[in-house]
Amino acid sequence: MDISRIIVPLNKAQRQAVCSEAQNNLVLAGAGSGKTWVLVHRIAWLVQVENVSPYSILAVTFTNKAAGEMRFRIENLLKTPVRNMWVGTFHGLAHRLLRAHWQDADLVENFQIIDSDDQLRLIKRIMKELGIDDKQNPPREVQWFINESKDNGLRCEHINVRELHNREYMLEVYQQYEALCQRTGLVDFAELLLRAHELWLKQPHLLKHYQQRFSHILVDEFQDTNTIQYAWLKVLSGNNLPDTHLNTFVVGDDDQSIYGWRGAKIEHIREFEQDFKAGSCETIRLEQNYRSTGNILEVANAVIANNTERLGKELWTEDGEGELLQVYQAFNEIDEAAYVASQIEKWVEKGGKRSEIAILYRSNTQSQPHEYELVKRAIPYRVYGGLRFYERAEIKDALAYLRLVANRQDDAALERIINVPTRGIGQRTIEMIRTEAVAREQHLWQTAVDMIADRQLTARAAGSVQKFLDLIDEMSAVVNDDSMSLSEQVVHIVKASRLKEFHGKENSERAQAKVENLEELVNAAKRFDDEGDPLLEAVKDSLELSQISDVSEEAGSISPLAEFLAHAALEAGEGQADEWEDCVQLMSLHSAKGLEFELVFLCGMEQGLFPHKNALQDFTGGRLEEERRLCYVGITRARQQLHLTHAENRTIYGRSELAYPSQFLAEIPASLISQVRAVNQSPSFTAARNNYSSSQGDENEEGISIGQRVTHKKFGEGTVIDIEGMGARARVQVNFDYEGTRWLMLNIAKLV
DNA sequence: GAATCTCTTGTTTTT
DNA sequence: CAAGAGATTC
């Protein structure tokens, strides 16, 4: 047994974690301290030294990227494929369980997963039916409420109406939404987790089966677990049973918890030590950093030190100080992008690779000026995140056809495409079918069939609807009859739906892109034909070994089509483009977690953008601390060189707005910064700042503040109004904006 | 019922 | 700027 290969490359703390004999382990691992490294070696240790079968190991991550990465690294270290080991995201694993045990989970066999876009549509539809004004009660808030409830494990019946404060309608919508999903075989992201949890509770024989099957559970990015995920984990681990044999090994960093808005709770790290102390629980801290220079770490430590709610941890390194941090104050976002691009050119000239470079930002829209600049200079780049492949409208249309073919009950899919391409079924008709469906308490498809039979529709509408129903049935017959491969099925459906013609008929660039995307969908299906879903393969392989009990882990007779649809919903299409080319990497700070780069640009360091304005409105400060952790994540991505940039003017909604430097910049010790351009010194910035502060918060009696947009119905051009407030008075003139026709902008004429 | 125009409103982050 | 809602016209 070659143990040395596993433990030699580890430091003392890492080795302690990898070789731990405690039943449960909590590894608090700072950024760059070898978190995944430890996890991978732990698994190798278990397999090679402790002779644990990969079949008994469950490894959970949060992103598909991380799951793929982990499997790859384990196989690399073990020098053998570990097909029958379960490695996946919480959502992926939950989905797998529900497919295998759909009956026990009270689902239909071919249930479909809906994304938040579909979810919002359904919610809007329900609110309309209930006669709730969506102007006053934004559907987004209801969506938020439903997901938050589910993330916390709350079904409708668990919710205390009194706590809703005159927003009882939200509960009503929740109930209707649940009923609709159940009736139509739809499952949203949060529902996957909640059902999987309930599956444990309601089906003890299944729980027992999996408890016997697994001996080791390992969780990466543990700080990001939300309530329901943690509950799922706790139940599975049997931590409440005195005699559980399961070993739980979690790795996390409280300073990198950035998914609080999705229900993640850092408290779980503390709770873990309590909840899992029954056997034995060991806590190990990894603080030595192998990634960044001393200066970068000092910056990171200084910034994160401003947070109050921490478990406490300070990164250190044996390496040298390295270069100073560069802060560049740009004139606007175009200037910012130009600076970044020129620095990239320098790096490449010195022989650096482009793939070692990352441009990071708070929100995905910020990628655009950078893309523009990079294209201009012919620097290859790749953008992660943003609108993903399977989220594009035309792709979702095609998928909706596929979904409907797989499951006629799928109301969300039906609504999406019943009149796409337009086939003479208008709002009126759809409305009637919807209303009738509610009355009959059945899904739209059956309702449409019945209404035609009962002659409840006008002849014209009935004809159009019938044609649509026939189209789907025809598709279904063709696709299901022969032993068509998945990609052939997709080819047929794209063709028969005439979506390409519909989307391509406009002669614009965008129309062209849509057609290309539809063609790409066929390729995606082809790839899926060839490779399949790694987790499914693991399940199939492990079946042969599954002789512990009579529980079948087989996911029913699940069709490749259903498999493909689930893949589309859960993966949303990362990694479509060519990854082999040497590209500069552009991504949000959230997607950068877990990655590292030699050269990092942290862009848009402006108050309101980062930290984001929504987080600043929160009085408790909890959201601000999360923004700061996000900043910490960004800083610690850098190995050698880090540049922070901010702009004096930033275009928001097509309008140039003044911007302040982010408060996080002020939290960095000046001694660590090299100003590329002196902050707050440039004349334009000073002028803009004075202008801004004199107008901030001042309102006149009509509640208008300077800079705000108002319709021209309220004021005529040139009107002079007085604005008072915050100890200042301003006389203001109303001016049209640059387009000259649409909105008005209030400009300061003179101060009184 | 479809196409076109006008106006309003909005975007944080992701499974 | 861009998507969505609502109104108007064909």
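Residues numbered from 1 in each chain as written. Chains lettered and ligands numbered in written order. Predicted model: local features only at pLDDT ≥ 70, side-chain atom pairs only at ≥ 80, totals over all residues. Heavy atoms only, no water.

1. Thoughts on the overall build of chain A
- Looking only at helices and strands, chain A features 30 helices and 20 strands.
- Across the 752 residues that make up chain A, the buried fraction comes to 53%.
- Relative to all contacts within chain A whose residues are 6 or more apart in sequence, the contacts with residues 24 or more apart total 76%.
- For chain A, the exposed surface amounts to about 33,800 Å²; the carbon and sulfur share of it is 49%. (Helix = DSSP H or I, 4+ residues; strand = E, 2+ residues; numbered from the N terminus. Buried < 20%, exposed > 50% of the residue type's maximum accessible area, 1.4 Å probe, protein only. Contact = heavy atoms within 4.5 Å. Areas by Shrake-Rupley, 256 points an atom, 1.4 Å probe, with all protein chains shown as cover.)

2. A look at unusual backbone geometry
- With an omega of -5°, the peptide bond between valine 420 and proline 421 qualifies as cis.
- Structurally, proline 421 is set in the loop between α17 (411-417) and α18 (427-440).
- Omega for the peptide link from phenylalanine 610 to proline 611 comes to 5°, which places this bond in the cis form.
- Turning to its location among the elements, proline 611 is positioned in the loop between β13 (597-602) and α27 (613-616).
- Here lysine 79, not a glycine, exhibits a phi torsion of approximately 60°, which is positive.
- One non-glycine residue with positive phi stands out, namely glutamate 221, at about 50°.

3. What about helix α6 (residues 116-129)?
- The end-to-end C-alpha distance of α6 is 20 Å, a good match for the 20 Å that 14 residues give at a rise of 1.5 Å each.
- Among the residues making up α6, those that are buried are Asp118, Gln119, Leu120, Leu122, Ile123, Arg125, Ile126 and Met127.
- Capping of α6 at its N-terminal end is provided by aspartate 115; its side-chain oxygen lies 3.1 Å from the backbone amide nitrogen of aspartate 117.
- Note on α6: the residue one or two positions beyond its end, glycine 131, has a positive phi of about 70°. (Expected span 1.5 Å × (residues − 1). Polar contact = N/O pair within 3.5 Å; in protein donor to acceptor, adjacent residues only side chain to side chain.)

4. Quick look at the packing of aromatic side chains
- Taken as a whole and assessed by the stated rule, the structure comprises 18 aromatic pairs.
- Centroid distance tryptophan 200 to tyrosine 210: 5.7 Å. Interplanar angle 55°. Geometry classified as tilted. One end of the pair, tryptophan 200, is in helix α9 (residues 189-202); the other, tyrosine 210, is in helix α10 (residues 204-213), with 10 residues separating them in the sequence. Side by side, tryptophan 200 and tyrosine 210 carry an identical accessibility label, which is buried.
- Among the aromatic residues, those joined into a ring-pair cluster are Phe62, Trp86, Phe90, Trp200, Tyr210, Phe214 and Trp232.
- In this structure, arginine 213 packs its charged tip against the face of tyrosine 55, placed 4.0 Å from the ring centre.
- A cation over an aromatic ring shows up here: arginine 382 above the ring of tyrosine 384, its NZ or CZ 4.1 Å from the ring centre. (Phe/Tyr/Trp six-rings, centres within 6.5 Å; stacked < 30°, edge-to-face > 60°. Lys NZ or Arg CZ within 6 Å of the ring centre and 35° of its normal.)

5. Notes on the side chain of threonine 645
- On the secondary structure map, threonine 645 appears in strand β14 (residues 638-652).
- Setting aside chain neighbours within four positions, we find threonine 645 in contact with Tyr328, Glu336, Tyr339, Val340, Leu602, Cys603, Gly604 and Met605.

6. Describing the environment of leucine 599
- Take leucine 599: it is sitting in strand β13.
- Separated by 512 residues in the primary sequence, leucine 599 and valine 87 have C-alpha atoms spaced 31 Å apart.
- In this view, leucine 599 contacts Trp347, Glu356, Ile357, Ala358, Gln641 and His643; residues no more than four positions away in its chain are not counted.

7. Looking at the sheet that holds strand β6 (residues 216-219)
- The sheet built from 6 strands is open, its strands ordered β3-β2-β6-β7-β1-β8 with parallel pairing. Each end of this open sheet is capped by a strand with a single partner; those strands are β3 (86-89) and β8 (281-286). Pairs of neighbouring strands in the sheet enclose a mean axial angle of 15°, with direction left out of account.
- As paired strands, strand β1 (residues 24-29) and strand β7 (residues 247-252) are joined by 5 bridges and run parallel to one another. Note on β7: the bridge partner recorded for leucine 26 is valine 250. (Pairing = 2+ DSSP bridges. Axes fitted to C-alpha atoms, helices over the stretch in contact; angles between N-to-C directions.)

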